[in-house]
Amino acid sequence: MNRWRSLIIDTWGALSYKPAFQQAANGRPGRLPGHAGASWVPELERRRLAAYTVLASYDSNQAAALLGEDGDDRREYGDASLIVDQTLSHLLGETQQIVVDGAEDNTTAQERERLLREWAQAEQLRMRIQHAERTAVLLGDTVYVLAWSRTKGRPVLKTIDPGFYFPVLPDGALDADEYPERVHLAWEVPGDPATGQKGTLRRVTYELGPIDDGGERRTYPWSSRPSGVTCYLTDAEWNLDQIDRTGDLDALSLARARFRTNADGEVLNRLDLQLDFVPVIHVPNTINGGEHFGQSSLLSAAQLLDDLAAADTDSQRASATTGSPIIGLSGARLPVDRKTGQPLPVQVEPGMVWPLGDSGQLSTVDTSAQLAELRAYVETLRDRLSVVTRLPGSVLGTVRPSEVPSGYALQLSFGPLDAMVRSMRLAREAKYPLLLKMVQRLHQLGGALPPGDNARATIAFGAYLPTDLSAALELVARGVQAGVLSLETGVRLLVDAGFPIEDASLEVERIQARAASPAPGWKDPDSEKAAERADTTAA
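So, here is what we can say about the structure in this document. (Residues numbered from 1 in each chain as written. Predicted model: local features only at pLDDT ≥ 70, side-chain atom pairs only at ≥ 80, totals over all residues. Heavy atoms only, no water.)

Another point: the overall build of the chain. Counting its regular elements, the chain contains 16 helices and 13 strands. For the chain, buried positions account for 39% of its 539 residues. Contacts in the chain between residues far apart in sequence, at least 24 positions, make up 66% of those at least 6 positions apart. Total accessible area on the chain stands at roughly 30200 Å², and carbon and sulfur atoms take up 51% of it. (Helix = DSSP H or I, 4+ residues; strand = E, 2+ residues; numbered from the N terminus. Buried < 20%, exposed > 50% of the residue type's maximum accessible area, 1.4 Å probe, protein only. Contact = heavy atoms within 4.5 Å. Areas by Shrake-Rupley, 256 points an atom, 1.4 Å probe, with all protein chains shown as cover.)

Okay, the side chain of Thr-313 next. Along the chain, Thr-313 falls in helix H7 (residues 302-323). Among the polar contacts listed, one links the side chain of Thr-313 to the backbone nitrogen of Arg-75, at a separation of 2.8 Å. Thr-313 has contacts with Asp-73, Arg-74 and Arg-75, leaving out every residue within four places of it along the chain. (Polar contact = N/O pair within 3.5 Å; in protein donor to acceptor, adjacent residues only side chain to side chain.)

This part is about the packing of helix H4 (residues 79-92) against helix H11 (residues 415-427). To characterise two packed helices, one gives the angle between the axes of the helices and the distance between these axes. Viewed as axis vectors pointing N to C, H4 and H11 meet at an angle of 70 degrees, and their least axial separation amounts to 9 Å. Considering the angle they form, H4 stands roughly perpendicular to H11. Crossing angle aside, the handedness with which H4 passes H11 is right-handed. Taken together, the residues of H11 that come into contact with H4 (itself represented by Thr-87, His-90, Leu-91 and Leu-92) are Leu-417, Met-420, Val-421, Met-424 and Arg-425. (Axes fitted to C-alpha atoms, helices over the stretch in contact; angles between N-to-C directions. Parallel < 35°, antiparallel > 145°, perpendicular 65-115°, else oblique. Left-handed = near helix turned anticlockwise from the far one by under 90°.)

So, on to the sheet that holds strand E10 (residues 280-284). Spatial strand order, E3-E2-E10: three strands in an open sheet with antiparallel pairing. Looking along the sheet, the strands with just one partner apiece sit at the ends: strand E3 (154-160) and E10. When strand polarity is set aside, the average angle formed by the axes of neighbouring strands in this sheet is 25 degrees. Pairing analysis gives five bridges linking strand E2 (residues 141-149) to E10, with the strands arranged antiparallel. (Pairing = 2+ DSSP bridges.)

We now examine the nonpolar core. The nonpolar side chains of a soluble globular protein tend to be buried, and buried together. Within the largest apolar cluster, 101 residues are counted, with the highest numbers of intra-cluster contacts made by Trp-40, Trp-119, Tyr-144, Leu-146, Tyr-206, Leu-298 and Leu-435. Sorting elements by how many residues they give to this core places helix H3 (residues 46-59) first, with seven residues. Apart from residues no more than four positions distant in its own chain, Tyr-144 is found in contact with Arg-128, Ile-129, Ala-132, Leu-157, Lys-158, Thr-159, Pro-279, Val-280, Ile-281, Val-283, Tyr-432 and Leu-435. Within the second largest apolar cluster, eight residues are counted, among which are Val-476, Leu-494, Val-495 and Phe-499. (Core = buried A, V, L, I, M, F, W, Y, C linked by side-chain atoms within 4.5 Å.)

Attention shifts here to helix H12 (residues 431-445). The end-to-end C-alpha distance of H12 is 21 Å, a good match for the 21 Å that 15 residues give at a rise of 1.5 Å each. Burial analysis of H12 places eleven of its 15 residues in the buried class, the great majority of the element. Within the sequence span of H12, burial applies to Tyr-432, Pro-433, Leu-435, Leu-436, Met-438, Val-439, Gln-440, Arg-441, Leu-442, His-443 and Gln-444. (Expected span 1.5 Å × (residues − 1).)

It is worth spelling out the packing of aromatic side chains at this point. Enumeration according to the criterion identifies eight aromatic pairs in this entry. Ring centres 5.2 Å apart and planes at 10 degrees place the aromatic pair Tyr-220 and Trp-222 in the stacked group. Each ring, one from Tyr-432 and one from Phe-461, has its centre 5.9 Å from the other, and the planes form 75 degrees; the classification is edge-to-face. Highlighted residues: Tyr-432 in helix H12 and Phe-461 in strand E13 (residues 457-461), separated in sequence by 29 residues. No difference in accessibility class separates Tyr-432 from Phe-461, as the two residues are buried. Grouped by ring-pair contacts, the aromatic residues Trp-12, Tyr-165 and Phe-293 constitute a single cluster. (Phe/Tyr/Trp six-rings, centres within 6.5 Å; stacked < 30°, edge-to-face > 60°.)

Despite not being glycine, Asn-61 has its phi angle at roughly 60 degrees, a positive value. Summarising the element assignment, Asn-61 is placed in the loop between H3 and H4. The backbone of Arg-270 shows a phi angle near 55 degrees, a positive value even though the residue is not glycine. Tracing the backbone through its elements, the reader meets Arg-270 in the loop between strand E8 (258-259) and strand E9 (271-272).

The next thing to look at is the packing of H4 against helix H6 (residues 125-139). Direction vectors running N to C along H4 and H6 enclose 125 degrees, while the axes themselves pass 9 Å from each other. Between H4 and H6, the angle falls in the class oblique. Crossing geometry of H4 relative to H6 is assigned as right-handed. Taking contact as the criterion, the partners of Ser-81, Val-84, Asp-85, Thr-87, Leu-88, Leu-91 and Leu-92 in H4 are, on H6, Ile-129, Gln-130, Glu-133, Arg-134, Val-137 and Leu-138. Split by residue class, the contact of H4 with H6 holds seven nonpolar, three polar and three charged. (Nonpolar A, V, L, I, M, F, W, Y, C, P; charged D, E, K, R; others polar.)

Moving on, we get to the pattern of salt bridges. Per the counting criterion, the structure on display carries 25 salt bridges. With its nearest N and O atoms 2.8 Å apart, the salt bridge here joins Arg-134 to Asp-85. Residue Arg-134 is located in helix H6, and its partner Asp-85 is located in helix H4; the two are separated by 49 residues in the primary sequence. Residue Arg-154 is joined to Glu-123 by a salt bridge in which the shortest nitrogen-to-oxygen separation is 2.8 Å. Of this pair, Arg-154 sits in strand E3 while Glu-123 sits in the loop between helix H5 (107-122) and H6, placing them 31 residues apart in sequence. Across the pair, exposure class does not vary: Arg-154 and Glu-123 are buried alike. (Salt bridge = Lys/Arg side-chain N within 4 Å of Asp/Glu carboxyl O.)

Next up on the list: a nonpolar patch on the surface. On the surface, Leu-334, Val-346 and Met-352 cluster together to form a nonpolar patch covering roughly 200 Å² of accessible area. With respect to the helices, strands and loops of the structure, Val-346 is situated in the loop between strand E11 (326-332) and strand E12 (356-365). (Patch = residues over 30% accessible without salt bridge, like charges linked within 9 Å, V, L, I, M, F, W, Y side chains within 5 Å.)

A separate point is H4. Under the 1.5 Å per step criterion, the end-to-end length of H4 is 20 Å for 14 residues, consistent within 8% with the ideal 20 Å. Buried residues dominate H4, accounting for ten of its 14 residues. Those residues of H4 that fall on the buried side of the exposure criterion are Asp-79, Ala-80, Ser-81, Ile-83, Val-84, Thr-87, Leu-88, His-90, Leu-91 and Leu-92. The first or second residue beyond H4 is Gly-93, which carries a positive phi of 75 degrees.

A word on the pairing of E2. Judged by how many residues are buried, E2 sits mostly within the fold: seven of nine residues are covered. In this sheet, E3 lies alongside E2 in antiparallel orientation, the contact comprising seven bridges. Looking across to E3, one finds that Tyr-144 is bridged to Thr-159. In this antiparallel pair of consecutive strands, E2 and E3, the connection spans four residues, and Gly-153 shows a positive phi of 70 degrees.

As structure tokens, this is what we get:
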């Protein structure tokens, strides 16, 4: 009965078999580092933070450290990191490109697309997406924060550790997927005994509220309708030894807080950001029903990774006894310590000879059969790992290309991976358009864009499966020539197939320009064939 009472089915329930996770989730960190058990962490968030720490230990080959002395010699060979990296690679595809609706034939949309791409290059967006999405695949969540930089004259983008992210979600499970109107970013800053610096807790809060609490209304550049809501920013810190031990981050007393200032000298205590939205974007790794947070790609494979590490450790131990077998001697003249008269330890070395008596015997313990069984067991676990993570053996590197019976069989093996990637991309379908919408609004706030509605923009991830480029090119050429595909759609298909086309609209312009004024010496093959047919008919 007690076991059933402790059963909690939630996003991180797959890690409940780990004692270190259970202790941290109950407010007793034990061997688990981090602030999951800190007094300021809300009780409902402890399981999430504990799960993040456990999952991060797999990625760094340190999961055995959570086993205490039992894990001192546990082998970990990077299987978890491989799963994360390969999942990330297929999720993002070969390219990540900003696309604005209507940019194929609309000059205004093309200018907006160009501005966003220039901003992305200045902010190193592709690198930030790689970092943020790897965190999402590993931990289940990632967080972006936007702000307008007066010095740089553009919006700046930061990626935040999801362990620092504490949204104040609406009450009720059915509202859990709504966008929060109050978000905390909080973390501990350790003290320095050498300088006497005390440990502190820093909390950055974004909150939507009425303008000046007086019913004032404001017209924002991106909307024609007046709004009575704005976003306030508060950046404060507390000494850890003075924190109210309420276990509620949202209810910390501001009487003991020290407020920070920004580069312009403004005190960050409910500073009006002149925005009607919270510039924080949370990206979950998976679609998780009504839950706000996503699931890690390692979560369902955690026990398999533990079993694989244990099997690798047993295999390594067995290989030691196979390479240096246990030897039994009888009737041999062994060296003796002259002082004690006891036999000295015998070392097996190449070329060593032991004189044996008439009844002497030498026997060895052969463990090669057990080693072969262990290796077969390791391969079985790897196959199961491939099934559970939905990464085929060709992706994990456990299948050689020569072992694949046919290209069709290889394509079928990518079925589970294809379904997983489509689901993960669907979880991000609304997030990146939201990020780029905020980027455009911040440009308007800074005066870099005119007021008015903004075009929908998104980040298109490229192809992630092996593609027959020649077949794709032939398909597009036939479709455009037959008039069943527009030139713009054909170029988009080539981009999705993996052709190195950086700007689809620019590529369309180049093709149309060449068609209008062909290069000197160039001959249309269709017109040449028509001329040949005419000559033949005349003859």
